[in-house]
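# Working through the structure, step by step
The residues making up each chain are set out below.
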Amino acid sequence: MLSGGSAVRFRPISWSMPKQLIPVANKPVLEHVLRNVTEIGVTEIGMVVGDWAEEIAEVIGDGSRFGARITYLRQDQPLGLAHAVRMAQEFLGGDDFVLHLGDNVLQDGYADIAEEFRARRPASQIVVQKVTDPRAYGVAEVNADGTVQRLVEKPSEPRSDLAVVGVYFFTAAIHEAVAAIEPSARGELEITDAIQWLLGNGAEVRAREYAGFWKDAGQVDDALECNRRLLSDLRPSVAGEVDEASDLRGRVVIEPGARIVRSRVVGPAIVGPDTLVEDSNIGPNVAIGPGCVIRTTRLADSIVLAGASISGAPGLRESIIGRSATIGPSVDGEVHHRLVVGDHARIEIAA
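Let me begin by describing the structure that accompanies this report. (Residues numbered from 1 in each chain as written. Predicted model: local features only at pLDDT ≥ 70, side-chain atom pairs only at ≥ 80, totals over all residues. Heavy atoms only, no water.)

## Focus on the overall build of the protein chain
Per the secondary structure count, the protein chain includes eight helices and 32 strands. Computed over the C-alpha atoms, the radius of gyration of the protein chain is 22 Å, within 12% of the 20 Å expected from 2.2 N^0.38 for a compact globule of 351 residues. In the protein chain, which comprises 351 residues, the share counted as buried stands at 53%. Restricting the contact set of the protein chain to residue pairs at least 6 apart, pairs at least 24 apart contribute 47%. (Helix = DSSP H or I, 4+ residues; strand = E, 2+ residues; numbered from the N terminus. Rg over C-alpha atoms; globule rule 2.2 N^0.38 Å. Buried < 20%, exposed > 50% of the residue type's maximum accessible area, 1.4 Å probe, protein only. Contact = heavy atoms within 4.5 Å.)

Below, the structure is given as structure tokens:
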């Protein structure tokens, strides 16, 4: 599992936390990924980490709460996915394994794809999905029988609409391929080059199409879309306090210690523990973390991290508010705002 990288596309949030720990539906992205992996029976996980190693280990722990054991593998520089496989070779030994990018969320899981790999054991089995613009992805050219003919990284003229998802299955044959390739033009050891080496040397590489929701949550808009989709799985639950003047509608979760006062919450939405929502209109598609204070605010399609305070914001939407940030107050009126605010920031909203 790869959890390094600098996440420049997620600043200012990623200045103070790794993108893999940014919460969607009130859980770090990495926890959703761990669910994907453990659901297919994986119990030994090598977590490749970089500069945020300590922060990731503190949040994720030793893996026991996920039914697995995590070994943290330090990668000093993000030198490519194939480089991560090379440095993890001692941990992997001769075992078959799955390589999963730590910010790629597959809502419906991929147990059937894992079972097919176990049954057939090609040298590599990649996961693909049809996309409208393949030029931004690694692209697989796949034969009618499911075997891969060629992989091309971000082609200017794609010959296929099948993008490579950030989940790869390998036998130990990949280690010879990783050892044989050279860094790409951007100075990284590319996993697509290693898989192409396997193809060039007669190894079987297969592809399976994934039809469910898949998103690389490495950018703000993608994280918000992930949040919307994962919130749709909520089961309504009220463990906190909701006064008689408040109204909950749809898939709403109120966690222990949370208080809803003279407010309306429209699901899907989740309000974290010990959070106060007062005189506000929340939802849909909102995840509010623990220990927040939301007053006289209208909030939709947004993620609010732990300890944030928002007041007097009449139309906050499609926003991500960092930990312990302070937003507001605003002048009166139906003003719509889209904000991405880092930890501990202080912002006043005005018309």
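That shown, we press on.
## Some words on the sheet that holds strand β19 (residues 264-266)
Spatial strand order, β16-β19-β22-β25-β28: five strands in an open sheet with parallel pairing. Of all the strands in the sheet, the pair left with one neighbour each is β16 (247-249) and β28 (316-317). Here three bridges tie β16 to β19, and the two strands are oriented parallel to one another. Across the sheet, residue D247 finds its bridge partner in β19, namely R264. (Pairing = 2+ DSSP bridges.)

## Comments concerning helix α2 (residues 53-60)
Within the sequence span of α2, burial applies to A53, I56 and I60. Buried residues of α2, viewed axially, fall in a sector of 70°; they line one side. Along α2, exposed side chains directed more than 90 degrees from the buried face belong to E54 and E58. Check the buried side of α2 and you find it contacts β1 (2-3), α1 (29-38), β4 (44-49) and β5 (69-74). After α2 finishes, the residue G61 shows a positive phi value of roughly 80°. (Arc of directions from axis to C-beta.)

## What about the packing of aromatic side chains?
Under the counting rule described, the total for this entry stands at five aromatic pairs. Taking the centre distance of 6.0 Å and the plane angle of 80° together, the rings of Y110 and F169 count as edge-to-face. Placement of the pair is Y110 in the loop between β7 (104-106) and α5 (111-120) and F169 in strand β11 (residues 162-170), with a sequence separation of 59 residues. Accessibility expressed as a relative area gives 0% for Y110, which makes it buried. We classify F169 as buried; its relative accessible area is 3%. Three or more aromatic residues joined by ring pairs form one cluster here, namely F97, Y168 and F170. (Phe/Tyr/Trp six-rings, centres within 6.5 Å; stacked < 30°, edge-to-face > 60°.)

## Description of the nonpolar core
I60, Y110 and F169 are the most contacted members of the largest nonpolar core, which totals 54 residues. For this core, the secondary structure elements donating two or more residues are α1, β4, α2, β7, α5, β11 and α8 (220-231). Considering each element in turn, this core owes the most residues, six residues, to α8. Apart from residues lying up to four places away in sequence, I60 is in contact with L21, L30, E31, L34, M47, R65, F66, I70 and Y72. One finds I126, L151, A177 and A207 within the second-largest nonpolar core, a separate group that totals 33 residues. (Core = buried A, V, L, I, M, F, W, Y, C linked by side-chain atoms within 4.5 Å.)

## Re the sheet that holds β5
Pairing is parallel in the open sheet, where three strands are placed in the order β1-β4-β5. Edge positions in the sheet fall to β1 and β5, since each of these pairs with one other strand and no more. Here two bridges tie β1 to β4, and the two strands are oriented parallel to one another. Considered in β4, the bridge of S3 is made with V49. Of the strands in this sheet, β1, β4 and β5 touch α2, which is tilted by about 175° from β5. (Axes fitted to C-alpha atoms, helices over the stretch in contact; angles between N-to-C directions.)

## Describing the environment of S311
Note that S311 resides in strand β27 (residues 309-311). Residue classification places S311 among the partly exposed positions, given a relative accessible area of 26%. For S311 and V293, which are 18 residues apart along the polypeptide, the C-alpha to C-alpha distance reads 8.0 Å.

## Comments concerning the environment of A300
Of note, A300 is situated in strand β25 (residues 298-300). Accessibility expressed as a relative area gives 17% for A300, which makes it buried. For A300 and A53, which are 247 residues apart along the polypeptide, the C-alpha to C-alpha distance reads 33 Å. When near neighbours in sequence (up to four residues on either side) are disregarded, A300 contacts G283, P284, N285, V286, L316, R317 and E318.

## Describing the pairing of β11
Across the nine residues of β11, nine count as buried, placing the element largely inside the fold. In this structure, strand β6 (residues 97-100) lies alongside β11, joined through four bridges in antiparallel fashion. Pairing of L99 across the sheet is with Y168, part of β11.

## What about unusual backbone geometry?
With an omega of 0°, the peptide bond running from G267 to P268 counts as cis. For the peptide bond that leads from G283 to P284, omega is 0°, which places it in the cis range. Residue placement: P284 occurs in the loop between β22 (281-282) and β23 (286-288). Its identity as a non-glycine residue notwithstanding, E318 has a phi of 45°, on the positive side. The topology assignment puts E318 in the loop between β28 and β29 (320-321).

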